[in-house]
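# Structural overview
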Amino acid sequence: MRNRRYRPRAAVAIATAVLLGATAVTACDASGGDSPAPKGPSADKPSPKPTPTWDASPNSLAAVGDSITRGFDACSVLADCPEASWATGTDSEVRSLATRLLGKERAAGNSWNYAKTGARMEDLTGQVEQAALKRPELITVMAGANDACRPSADSMTPVAEFRADFEKAMRALRRELPKTQVYVTSVPDLKRLWSKGRANPLGKQIWKLGICSSMLADPDARDAAATERRDTVQSRVVAYNEVLKDVCAKDLRCRYDGGAVFDYRFDGDQLSHWDWFHPSKDGQSRLAELAYRQVKAKNPEG
């Protein structure tokens, strides 16, 4: 803003006008406020509309998160397949969020995937800082499953630490991109993944390699200890989702999915036939559909 020279006469005139205006308002209030509203051109002017907080048609998109956003096991065994990612993929079977929002051609040059297989919430800040270099208008966040998927239930990320990590990532984002929109998905229902995947013998063999052991170890065990372990993991996922919802709600340009991913009743067709845990291309497409619905909604679910 340019500095202007101080003009005493103008200042006196303004002060006088303000004083007279204040006196008039006081007099009106004292008489009961029954005087008719002023007429004239100024009375017909509509109030300016506030700038929308959420733009349903962003022009660029960056994705951060974990193996799901990398399309892990969607195309081949134990391998990333970013072209099948729900967020930024190019596979026509998936129709990623970027493709749905931007169109195939524009998505190719205006969407970026910084998710990393195995990432936890503590890794999100680094990913966000990378994404910020592209200055996207929308960032998608899908993280938290690996905080619950640990070698044991005791080694899961504490809820307070999870919150601190997510808040740190959001602060880093806002330092660099104060106006970028953020779409945050809920952590998937890991117990349902166990329930659906354990019916497949091949999937259970792959699980022995160490995929989400806190939930998937000894998949056929139904004793009290196994049940308690799985319930503990499930409770932690629910707590993580409460954190995501709460932190996102404090940011005017953040949308949480309202638990849409956690609540989605997926079946075997939406699970990778390589590990029966990660989403298949069909599952990735369902995630893209859920995200698109939330990003475009006038009244989001949560």
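Residues numbered from 1 in each chain as written. Predicted model: local features only at pLDDT ≥ 70, side-chain atom pairs only at ≥ 80, totals over all residues. Heavy atoms only, no water.

Let us now look at the side chain of histidine 278. Secondary-structure assignment places histidine 278 in the loop between helix 12 (260-263) and helix 13 (281-296). We classify histidine 278 as buried; its relative accessible area is 7%. A distance of 2.9 Å separates the side chain of histidine 278 from the side chain of serine 67, its partner in a polar contact. Residues within four places of histidine 278 in sequence aside, it is in contact with Ser67, Ile68, Phe72, Asp73, Gln270, Leu271 and Ser272. (Helix = DSSP H or I, 4+ residues; strand = E, 2+ residues; numbered from the N terminus. Buried < 20%, exposed > 50% of the residue type's maximum accessible area, 1.4 Å probe, protein only. Polar contact = N/O pair within 3.5 Å; in protein donor to acceptor, adjacent residues only side chain to side chain. Contact = heavy atoms within 4.5 Å.)

One key point about sheets: their strands pair by backbone hydrogen bonds, in either a parallel or an antiparallel sense. Taken together, the five strands give an open sheet; going across it, the order is 2-1-3-4-5, and neighbouring strands pair in parallel fashion. Each edge of the open sheet carries a strand with a single partner, namely strand 2 (111-113) and strand 5 (254-256). Put simply, the sheet's adjacent strands are angled 15 degrees from each other on average, direction ignored. Sheet topology places strand 3 (residues 138-142) next to strand 4 (residues 181-184); four bridges connect them, and they run parallel. Residue pairing for strand 4: isoleucine 139 is matched across the bridge by valine 182. Packing of helix 7 (residues 159-176) onto the sheet brings it into contact with strand 3, strand 4 and strand 5, and relative to strand 4 it is tilted by some 155 degrees. (Pairing = 2+ DSSP bridges. Axes fitted to C-alpha atoms, helices over the stretch in contact; angles between N-to-C directions.)

Turning our attention to a nonpolar patch on the surface. Side chains of Val77, Leu78, Leu209 and Trp274 sit close together on the surface and give an oily, nonpolar patch of about 380 Å² of accessible area. Note on placement: leucine 78 falls in the loop between strand 1 (61-65) and helix 3 (97-102). A residue is classified by how much of its surface remains accessible, and leucine 78, at 42% relative accessible area, is partly exposed. (Patch = residues over 30% accessible without salt bridge, like charges linked within 9 Å, V, L, I, M, F, W, Y side chains within 5 Å. Areas by Shrake-Rupley, 256 points an atom, 1.4 Å probe, with all protein chains shown as cover. Salt bridge = Lys/Arg side-chain N within 4 Å of Asp/Glu carboxyl O.)

Glancing now at the nonpolar core. Counting residues in hydrophobic clusters, the biggest one holds 49 residues, and the most contacted among them are Leu124, Val184, Leu190 and Phe277. Element by element, the count of residues in this core is highest for helix 11 (residues 224-249), at seven residues. Residues Trp54, Leu97, Leu138 and Val295 belong to the second largest nonpolar core, which totals 21 residues. (Core = buried A, V, L, I, M, F, W, Y, C linked by side-chain atoms within 4.5 Å.)

Further remarks concern the pairing of strand 1. Most of strand 1 is tucked away: five of the five residues are buried. With burial as the criterion, each face of strand 1 is covered, one bearing Leu61, Ala63 and Gly65 and the other bearing Ala62 and Val64. Pairing between strand 1 and strand 2: three bridges, direction parallel. By the bridge assignment for strand 2, alanine 63 is matched with asparagine 113. Looking at chain direction, strand 1 and strand 3 are connected through five bridges and run parallel. Of the residues in strand 3, the one forming a bridge with valine 64 is valine 141.

To continue, consider the confidence of the model for the protein chain. Across the protein chain, the average pLDDT comes to 86, with 82% of residues at or above 70. Low pLDDT, under 50, characterises residues 1-43; the predicted model gives this stretch three contacts beyond four residues in sequence or across chains. (pLDDT = per-residue confidence, 0-100.)

With that out of the way, let us pick up the state of the cysteines. Inspection of the entire model under this criterion finds three disulfides. What pairs with cysteine 248 in a disulfide is cysteine 254, and their sulfur atoms sit 2.0 Å apart. Since a negative S-S torsion denotes a left-handed disulfide, the cysteine 248-cysteine 254 link at about -110 degrees is left-handed. Taken individually, cysteine 248 and cysteine 254 each receive the classification buried, so the pair is uniform in this respect. Regarding the disulfides, the protein chain carries the connectivity 1-2, 3-4, 5-6 under sequence-order numbering of its bonded cysteines. (Disulfide = S-S within 2.5 Å.)

Let us look at the pattern of salt bridges. Per the stated rule, a full pass over the model turns up 12 salt bridges. For glutamate 122, the salt bridge goes to arginine 120, with nearest N and O atoms at 3.4 Å. Residue classification places glutamate 122 among the partly exposed positions, given a relative accessible area of 42%. Residues arginine 163 and aspartate 246 are paired through a salt bridge, measuring 2.7 Å at the closest nitrogen-oxygen approach. Remark: aspartate 246 occurs in helix 11 and arginine 163 occurs in helix 7; sequence separation between them is 83 residues. Through salt bridges with shared partners, a single ionic network connects Asp91, Glu93 and Lys281.

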